[in-house]
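Okay, here's what each chain looks like letter by letter:
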Amino acid sequence: MENIKESLRFYYLATELKNIIRTGWDNSHWNINAERRESVAEHVFGTCILAISKKNNRNIDLDKVLKMLIIHELGEVIIGDITQFQGVSKEEKKVIELKAVKEITKGLIDSKELVDLFIEFDEGITEEAKYAYHCDKLEADLQSKRYQDNGQHRTLDDQEGNIVMNFDKTKELLKTAKNPFDIWYGYDKPLYDDDEDFSLTLDYVKDHDINEIKK
């Protein structure tokens, strides 16, 4: 019975991600004009679909990648979805997020495996971790473009309260940006310098309406 309790504890904690809205879309960031904004769980699902769709001939362990992606946001159940614009350093976030993942997975038979996979993802050294990281970042870019093409991103002159606007990099990008997705593109494009496929994919999305891509 104890194993049943622990597995259910993990399930109920982990699936709280269905109720946590991605911070990037909230009122203190991009304030997306939509009746329902993307949850963290929806983002996680998107990263997994992206990992499947982009694998092609890559020599990677896709099962390992998918497991990484399924748990990579797990700590947010406890610490929330912290963005780079909220004053928490990468080092501090790593520490508190790892602690949260350990707390959520404790009691599971596979707890150590899951924690190790989370650490591997966070370190970003292995090919699987690099690929998973790119899927994580690109999925967010694709969601921004979805909001842009569906008219749900507010215009750049309607960003009162958006803390992203306070950063020097954003101010530099605003000199040439035409819409919010251009800001996302400017921030994330350099992340794919080591992967031509992801870089070209971001360029393609920038130049094409997602509603046309889906046809």
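Data block above holds the structure.
The structure presented is a predicted model; accordingly, all values stated were derived computationally and were not measured. (Residues numbered from 1 in each chain as written. Predicted model: local features only at pLDDT ≥ 70, side-chain atom pairs only at ≥ 80, totals over all residues. Heavy atoms only, no water.)

**Focus on the side chain of lysine 145**
Rules: A run of H or I in DSSP becomes a helix once it reaches four residues, and a run of E becomes a strand once it reaches two; helices and strands are each numbered from the N terminus. For every residue, the accessible area obtained with a 1.4 Å probe (protein chains only) is divided by the maximum for its type, and the residue is called buried under 20%, exposed over 50%, and partly exposed between those limits. Within 3.5 Å is the distance limit for a polar contact, defined as a pair of N or O atoms, with the added protein rule that one can donate a hydrogen and the other accept it, and that residues adjacent in sequence qualify only through two side-chain atoms. Any two residues having at least one pair of non-hydrogen atoms within 4.5 Å are treated as being in contact.
Inspection of the secondary structure assignment puts lysine 145 in helix α7 (residues 127-149). Residue class for lysine 145 comes out buried when judged on its relative accessible area of 5%. Engagement of the side chain of lysine 145 in a polar contact is seen with the backbone oxygen of valine 205, the distance being 3.1 Å. Contacts of lysine 145, omitting those with residues within four sequence positions, involve Phe181, Val205, Lys206, His208, Asp209 and Ile210.

**Brief notes about the packing of helix α2 (residues 40-54) against α7**
Packed helices, taken two at a time, are described by the angle their axes make and the gap between the axes. What counts, and what does not: Angles here are taken between N-to-C directions and fall from 0 to 180 degrees, while the axes themselves are lines fitted to C-alpha atoms, restricted in helices to the stretch in contact. The crossing is said to be left-handed when, going from far helix to near helix, the turn is anticlockwise and less than a right angle, and right-handed when the turn is clockwise. Residue classes follow a fixed rule: Ala, Val, Leu, Ile, Met, Phe, Trp, Tyr, Cys and Pro count as nonpolar, while Asp, Glu, Lys and Arg count as charged, and any other residue, Gly among them, counts as polar.
Put simply, α2 and α7 touch, their axes get as near as 9 Å, and they point 115° apart. Between α2 and α7 lies a crossing whose hand is right-handed. Counted together, His43, Gly46, Thr47, Leu50, Ala51 and Lys54 of α2 and Tyr131, Cys135, Asp136, Leu138, Glu139, Ala140 and Leu142 of α7 form the full contact between these two elements. Across the contact of α2 with α7, the residue classes break down as 7 nonpolar, 3 polar and 3 charged.

**Quick look at helix α1 (residues 2-14)**
How we decide: Multiply 1.5 Å by the residue count of a helix minus one, and that product is the helix's expected span. It is the directions from the helix axis to the C-beta atoms whose arc is reported.
A rise of 1.5 Å per residue sets the reference length of α1, with its 13 residues, at 18 Å; its end C-alpha atoms lie 18 Å apart and thus fit the reference within 8%. Glu6, Phe10 and Ala14 are the residues of α1 that are buried. Along the axis of α1, the buried residues cluster in a sector spanning 60°; they form a single face. Residues of α1 that are exposed and angled more than 90 degrees away from the buried face: Lys5 and Tyr12. Residues of α1 that are buried in the fold lie against α4 (76-79), α5 (90-105) and α6 (111-123).

**Brief notes about the nonpolar core**
Defined as follows: What we call a nonpolar core is a set of buried Ala, Val, Leu, Ile, Met, Phe, Trp, Tyr and Cys residues that are connected through their side-chain atoms within 4.5 Å.
Membership of the largest hydrophobic core comes to 51 residues, with the highest contact counts inside it found for Trp30, Ala51, Val65 and Leu69. A per-element tally of this core places α7 first, with 7 residues. Setting aside residues no more than four positions away along its own chain, valine 65 makes contact with Ala51, Ile60, Glu128, Tyr131 and Ala132.

**Overview of the packing of helix α9 (residues 180-188) against helix α10 (residues 196-207)**
Applicable threshold: Here roughly perpendicular refers to angles of 65 to 115 degrees, roughly parallel to angles under 35, roughly antiparallel to angles over 145, and oblique to all remaining angles.
At a minimum axis distance of 11 Å, the contact between α9 and α10 shows a crossing angle of 165°. With respect to α10, the element α9 is oriented roughly antiparallel. You can see that α9 and α10 cross each other, and the crossing is left-handed. Residues Phe181, Asp182, Tyr185 and Asp188 of α9 touch α10, and the partners they reach there are Leu202, Asp203, Val205 and Lys206. In terms of residue class, the contact of α9 with α10 is built from 4 nonpolar, no polar and 4 charged.

**Points about the side chain of glutamate 139**
Which entries qualify depends on this criterion: In this tally, Lys and Arg are treated as positive and Asp and Glu as negative; His is ignored, and so are the chain termini. When a carboxyl oxygen of Asp or Glu lies within 4 Å of a side-chain nitrogen of Lys or Arg, that pair is called a salt bridge.
The topology assignment puts glutamate 139 in helix α7. Buried and without a salt bridge, glutamate 139 has arginine 22 as its closest oppositely charged side chain, separated by 5.0 Å. Setting aside its immediate chain neighbours within four residues, glutamate 139 contacts Glu38, His43, Gly46, Thr47 and Leu50.

**Focus: the pattern of salt bridges**
Scanning the entire structure with this criterion turns up 18 salt bridges. Close ionic contact of glutamate 73 with arginine 22 constitutes a salt bridge, the shortest N to O distance being 3.5 Å. Taken together, the positions of glutamate 73 in the loop between α3 (62-71) and α4 and arginine 22 in the loop between α1 and α2 put the pair 51 residues apart, joining distant regions of the chain. Judged on exposure class, the residue glutamate 73 and its partner arginine 22 are both buried. A salt bridge links aspartate 195 to arginine 58, with the nearest nitrogen and oxygen atoms 2.8 Å apart. Remark: arginine 58 occurs in the loop between α2 and α3 and aspartate 195 occurs in the loop between α9 and α10; sequence separation between them is 137 residues. For aspartate 195, a relative accessible area of 11% corresponds to the buried category. In the salt-bridge network here, residues are joined through shared partners; they are Lys54, Arg58, Asp195 and Asp197.

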